[in-house]
Amino acid sequence: DQYGETILFWRQSAPKYFTADPDLVKAILTEISLFAKTHAIPNRTLFGQRMTGTSSFLTVQDGEVWAIKRRAMSPYFSKIHMTGMFDKCHDYIQRGLERQFSEVALGKTHVDIVEFYGELYQFFLGALGFDLGCNFVSDNAKFHNDVIQGVLKWAPQQFGNTTDVLKMRVSRDVNTVICGVSKLRTICRYVLDQKIKEYTEKGPQPDDILHHVITANQMYLEHINTEYDSHYAEKLMTYMTDDVLTIFLVIDNMAKTLSNLLVRVMREPRVYGKMVAEIRAAELGDLQTMDKTLRYTEMVILETLRLHPTLMRGIRVTKNMTTELNKGLTIHGKGMIFFGQLVLHRSSKYWKDPYEFLPERWETGSKGITPFTYLPFVAGPRVCMGKHLAMLSMKLALAYTFKKHDMRPVPGEEKDMDWDYRFTIVRPSAGYNAIFTKAETENEQ
């Protein structure tokens, strides 16, 4: 309101741009000949320890290489394929929550829901092909979640001031996370070794995301004309490991969205009651039936993603020395431009009562919403491939949470509710502890 929708600011000696103008955001997200992803993404490395590197389907900058990988990966995430994956996803979410609740004393345990659902989603990776037929990954969900939460805590901070960075580099907690990332990459390589053998013997299996990763990286190396020499196998393994660790990281975005939703909903009695009543009457036999019978629950998810988008902002860099955009904006030199999902999602220019949590605003779907003002999964050619998997799994997780349980804030935190917006990933910073109880039946009520 004070400075306009597009501003220029300086960080150190370099000019940066920030925009919440939907027309400019559209250009940034769709004109891939003008803009690329930045190399300065915190999840590439952690103080020199490789995480997702620069070649994964999430972090790769080169548009042509990205298109090759996406072509191999996107069929896995299609709505049609998710329909076929429903039973497996259903099984893992149901078993994962049974596992989580087995460690909860109903009515007593103060549950950190960020950790609770983070661990659930590391368990859920088994549904995507990670388990090797023996619960290899799902049985170690707690360790994997500890590493991922550590990465999300420390990785963005390595771009801070020099003094703080030096302190972090000798911190025991940071070095524990670095060691954890190294171990997780070793686990990724072992899983891939087994999957490559399976892929070679049986051919690619459409329901196994790791087989898609193998195909994508083979296509990538063939595109850049890498010779099948002694280095080929190691390059292939490194790039595939980047992709697999990326999956470990991004699956947690679904857990963060659920955490954001539950922090809000357990303090919104009207919304909570309406959603839980729908869930307890819902049918979960297949994807189409679930979608039809969890319509209000979907609206709650969409509204959560509006007020608390998992990614609060995005970054692109210009490819050319001069970039002319609409509305008279010209970026000179190879500049960096930020676009703000959080700002767009809460703008009174595009939303009525933008700070109110109103799931009912989604009763007519996206009708009436200004294009490029709602970007929970971004938009354009790089739109999030996993959005259908995210919606499917979050609905199942909510359903199997509330079919048999109720939840409430812990005593003394009934009104506490806040979020950490310092870094790209939005997560609750207050109000995330909850008490689960046995669901009340109509007779008990």
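Reference entry: report on the structure contained in this document. (Residues numbered from 1 in each chain as written. Predicted model: local features only at pLDDT ≥ 70, side-chain atom pairs only at ≥ 80, totals over all residues. Heavy atoms only, no water.)

Two side chains bearing opposite charge may form a pair once their charged atoms approach each other closely. Within this structure, the stated rule accounts for 21 salt bridges. One salt bridge in this structure joins D146 and K142, with 3.3 Å as the shortest N-O distance. Placement of the pair is D146 and K142 together in helix α5 (residues 141-154), with a separation of four residues, close to one helical turn. What makes D146 partly exposed here is its relative accessible area of 39%. K195 is paired through a salt bridge with D208; the nearest N and O atoms lie 2.5 Å apart. Here K195 is found in helix α7 (residues 172-202), whereas its partner D208 is found in the loop between α7 and α8 (209-223), with 13 residues between them in sequence. In this structure D208 comes out as buried when scored by relative accessible area, which is 7%. Each of K79, D291, R295, E298 and K395 takes part in one network of salt bridges that share partners. (Salt bridge = Lys/Arg side-chain N within 4 Å of Asp/Glu carboxyl O. Helix = DSSP H or I, 4+ residues; strand = E, 2+ residues; numbered from the N terminus. Buried < 20%, exposed > 50% of the residue type's maximum accessible area, 1.4 Å probe, protein only.)

To continue, consider the sheet that holds strand β10 (residues 336-339). Taken together, the five strands give an open sheet; going across it, the order is β1-β2-β10-β7-β3, and neighbouring strands pair in mixed fashion. Each having just a single partner strand, β1 (6-11) and β3 (35-36) make up the two edges of the open sheet. Note: β3 against strand β7 (residues 314-318), two bridges, orientation antiparallel. Considered in β7, the bridge of A36 is made with V317. The sheet contacts of helix α1 (residues 22-30) involve β1, β2 (14-19), β3, β7 and β10, and relative to β10 the element is tilted by about 120°. (Pairing = 2+ DSSP bridges. Contact = heavy atoms within 4.5 Å. Axes fitted to C-alpha atoms, helices over the stretch in contact; angles between N-to-C directions.)

Glancing now at the nonpolar core. Grouped together as the largest cluster of nonpolar side chains are 141 residues, with contacts concentrated most on Y117, Y121, F124, L128, F130 and F248. Considering every element that reaches this core, the biggest residue donor is helix α9 (residues 232-265), with 18 residues. Setting aside its immediate chain neighbours within four residues, F124 contacts C89, Y92, I93, I251, L389 and S393. (Core = buried A, V, L, I, M, F, W, Y, C linked by side-chain atoms within 4.5 Å.)

Quick look at the packing of aromatic side chains now. Aromatic rings in a pair are described by how distant their centres are and how their planes are angled relative to each other. Overall, the coordinates contain 15 aromatic pairs when judged by the stated rule. With a centroid separation of 5.4 Å and 85° between ring planes, the pair formed by F130 and F248 is classed as edge-to-face. Placement of F130 in the loop between α4 (113-124) and α5 and of F248 in helix α9 is noted, with a sequence separation of 118 residues between them. Ring pairs connect the aromatic residues F101, F116, Y117 and F436, which therefore count as one cluster. A cation sits over an aromatic face here: R95 above Y92, 4.6 Å from the ring centre. Over the ring of F143 we find K183, and its NZ or CZ is 4.8 Å from the ring centre. (Phe/Tyr/Trp six-rings, centres within 6.5 Å; stacked < 30°, edge-to-face > 60°. Lys NZ or Arg CZ within 6 Å of the ring centre and 35° of its normal.)

The next thing to look at is the side chain of K69. Counting through the fold element by element, K69 comes out in helix α2 (residues 63-77). In this view, K69 contacts S55, S56, F57, A216, N217, Y220, Y239 and D243; residues no more than four positions away in its chain are not counted.

A few words now on the sheet that holds strand β14 (residues 433-438). The strand order across the open sheet built from three strands is β6-β14-β11, with neighbouring strands paired in antiparallel fashion. Every interior strand has two partners, whereas the edge strands, β6 (111-112) and β11 (405-409), have only one. Where β6 meets β14, two bridges bridge the pair, whose relative direction is antiparallel. Pairing of D112 across the sheet is with N433, part of β14.

This paragraph deals with the environment of P376. Looking at the element boundaries, P376 is found in the loop between α13 (341-345) and α14 (387-402). Each C-alpha atom, one on P376 and one on T310, is 7.0 Å from the other, the two residues being 66 residues apart in sequence.

Counting buried positions over the five residues of β7 gives five, a clear majority of the element. Here β7 shows a buried face lined by G314, R316 and T318 and a second buried face lined by I315 and V317. As paired strands, β7 and β10 are joined by four bridges and run antiparallel to one another. Its bridge partner lying in β10, G314 is registered against F339.

The subject of this paragraph is unusual backbone geometry. In this structure, N135 is a non-glycine residue whose phi angle is positive, near 55°. In this fold, N135 is placed in the loop between α4 and α5. A relative accessible area of 32% means that N135 is categorised as partly exposed.

Following the sequence through the fold, K16 ends up in strand β2. Setting aside anything within four residues of it in sequence, one finds K16 in contact with I7, L8, F9, R11, M336 and F338.

Before going further, it helps to spend a moment on α4. Three- or four-residue spacings in an α-helix give side chains the same orientation, since the helix completes a turn every 3.6 residues. Taking 1.5 Å of rise per residue, the twelve residues of α4 would be expected to cover 16 Å, and the 16 Å separating its terminal C-alpha atoms lies within 8% of that figure. Taken together, the buried positions of α4 are occupied by I113, V114, F116, Y117, G118, E119, L120, Y121, Q122, F123 and F124. (Expected span 1.5 Å × (residues − 1).)

This part is about the state of the cysteines. Counted by the stated rule, this structure contains zero disulfides. Of all cysteine sulfurs, the one in C188 lies closest to C179, which takes part in no disulfide; the gap is 16 Å. Summary of cysteine pairing: C384 is not part of a disulfide, and the nearest cysteine sulfur, belonging to C89, is at 15 Å. (Disulfide = S-S within 2.5 Å.)

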